[in-house]
Amino acid sequence: MIVKTFLAEANVGIYYTDLQPPIIPDVFLSLDVQVPEKWWEKQNRCYMVWRFGKPPEVVLEIVSNKEGDELGKKLEIYEHMRASYYIVYDPNQQLGEKVLRVYELRGRRYFETSENWLEQVGLGVTLWEGKFEDRQDTWLRWCYQDGTVLPTGDERASLAEQRAQILADRLRAMGIDPETL
């Protein structure tokens, strides 16, 4: 069975043309694709543009040194592949003063944009100050158009626990033991 959905992956090779090695972005997002049921099996863990029928909408590279050529060869490959958006996150400013660069495909070329809202995918990216995995830092996060970050799984779970506690407290105030429901 194949489910039509989205695919968001990290460090998975994208085969974009025949007879070329894959390019491996740090993160990619592909919408409205059919994902093999056994995606997690090793033989299925690559993204062949011709098999999925299109390139990913978003590719993201996180700069860790100057050797990755994120603003050179990688930009050219993603542009040639026709990924709608190419994001370069440079938290240590290895490539210059900009921490975040967003490129949008217009026609056949990438243009750097000051917009962090990715209109074609209905998502944005933002730099967020906060604690994640016990580390206080600046993080790159997906966001809604108003800039509100999408909650992580842990954040959603914490919110659900808080709501459950509020509900349990209200039930107790009404003389109902929530443990008996």
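Rules used throughout
- Residues numbered from 1 in each chain as written.
- Predicted model: local features only at pLDDT ≥ 70, side-chain atom pairs only at ≥ 80, totals over all residues.
- Heavy atoms only, no water.
- Buried < 20%, exposed > 50% of the residue type's maximum accessible area, 1.4 Å probe, protein only.
- Helix = DSSP H or I, 4+ residues; strand = E, 2+ residues; numbered from the N terminus.
- Pairing = 2+ DSSP bridges.
- Phe/Tyr/Trp six-rings, centres within 6.5 Å; stacked < 30°, edge-to-face > 60°.
- Lys NZ or Arg CZ within 6 Å of the ring centre and 35° of its normal.
- Salt bridge = Lys/Arg side-chain N within 4 Å of Asp/Glu carboxyl O.
- Polar contact = N/O pair within 3.5 Å; in protein donor to acceptor, adjacent residues only side chain to side chain.
- Contact = heavy atoms within 4.5 Å.

### Things to note about the pairing of strand 5 (residues 58–62)
Phase 1 of the analysis: Along strand 5, four of the five residues are buried, which leaves the element largely enclosed by surrounding structure.
Phase 2 of the analysis: Bridging between strand 3 (residues 27–35) and strand 5 involves three bridges; their strand directions are antiparallel. Within the sheet, the bridge partner assigned to Leu29 lies in strand 5 and is Val58.
Phase 3 of the analysis: In this structure, strand 5 lies alongside strand 6 (residues 85–89), joined through five bridges in parallel fashion. Among the inter-strand pairings, Leu60 is bridged to a residue of strand 6, identified as Ile87.

### Quick word on the sheet that holds strand 11 (residues 135–143)
Phase 1 of the analysis: Spatially, 9-10-11 is the arrangement adopted by the three strands of the open sheet, whose pairing is antiparallel. Edge strands, defined here as strands with exactly one partner in the open sheet, are strand 9 (117–118) and strand 11.
Phase 2 of the analysis: Pairing geometry for strand 9 and strand 10 (residues 123–132), over two bridges, is antiparallel. Bridging across to strand 10, Leu118 finds its partner in Leu123.

### Some remarks on unusual backbone geometry
Phase 1 of the analysis: Even without glycine at this site, Glu133 takes up a positive phi of about 50 degrees.
Phase 2 of the analysis: When you line up the elements, Glu133 lands in the loop between strand 10 and strand 11.
Phase 3 of the analysis: The exposed category is assigned to Glu133, whose relative accessible area is 65%.

### Quick look at the packing of aromatic side chains
Phase 1 of the analysis: Enumeration according to the criterion identifies eight aromatic pairs in this entry.
Phase 2 of the analysis: When the centroid spacing of 5.9 Å and the interplanar angle of 25 degrees are considered together, the rings of Tyr86 and Tyr103 count as stacked. Pair noted here: Tyr86 is in strand 6 and Tyr103 is in strand 7 (residues 100–106), with a separation of 17 residues, a long-range link. Pair check on accessibility: Tyr86 and Tyr103 agree, each one buried.
Phase 3 of the analysis: What links up through ring pairs into an aromatic cluster is the set Phe28, Trp39, Tyr47 and Phe52.
Phase 4 of the analysis: A cation over a ring is seen here: Arg141 above Trp128, with NZ or CZ 4.5 Å from the ring centre.

### Quick look at the pattern of salt bridges
Phase 1 of the analysis: This structure, assessed with the given rule, holds eight salt bridges.
Phase 2 of the analysis: The closest approach of N and O atoms between Glu57 and Lys54, which form a salt bridge, is 2.8 Å. Per residue, the accessibility class of Glu57 equals that of Lys54, and both read buried.
Phase 3 of the analysis: One salt bridge connects Arg106 with Glu104, and the closest N-O pair in it is separated by 3.5 Å.

### Some details on the side chain of Ser84
Phase 1 of the analysis: The topology assignment puts Ser84 in the loop between helix 2 (73–81) and strand 6.
Phase 2 of the analysis: Owing to a relative accessible area of 13%, Ser84 belongs among the buried residues under this scheme.
Phase 3 of the analysis: Reaching out from Ser84, the side chain makes a polar contact with the side chain of Gln120 at a distance of 3.4 Å.
Phase 4 of the analysis: Beyond its immediate stretch of four places on either side in the chain, Ser84 contacts Pro56, Glu57, Tyr103, Glu104, Leu105, Tyr110 and Gln120.

### Quick notes on the environment of Glu129
Phase 1 of the analysis: Mapped onto the secondary structure, Glu129 falls in strand 10.
Phase 2 of the analysis: When its relative accessible area of 56% is taken as the criterion, Glu129 is described as exposed.
Phase 3 of the analysis: Glu129 sits 10 residues away from Trp139 along the chain, and the two C-alpha atoms are 6.3 Å apart.
Phase 4 of the analysis: Once residues lying within four places of it in the same chain are set aside, the contact partners of Glu129 are Gln136, Asp137 and Thr138.
Phase 5 of the analysis: Of note is the side chain of Glu129, whose polar atom sits 2.4 Å from the side chain of Thr138.

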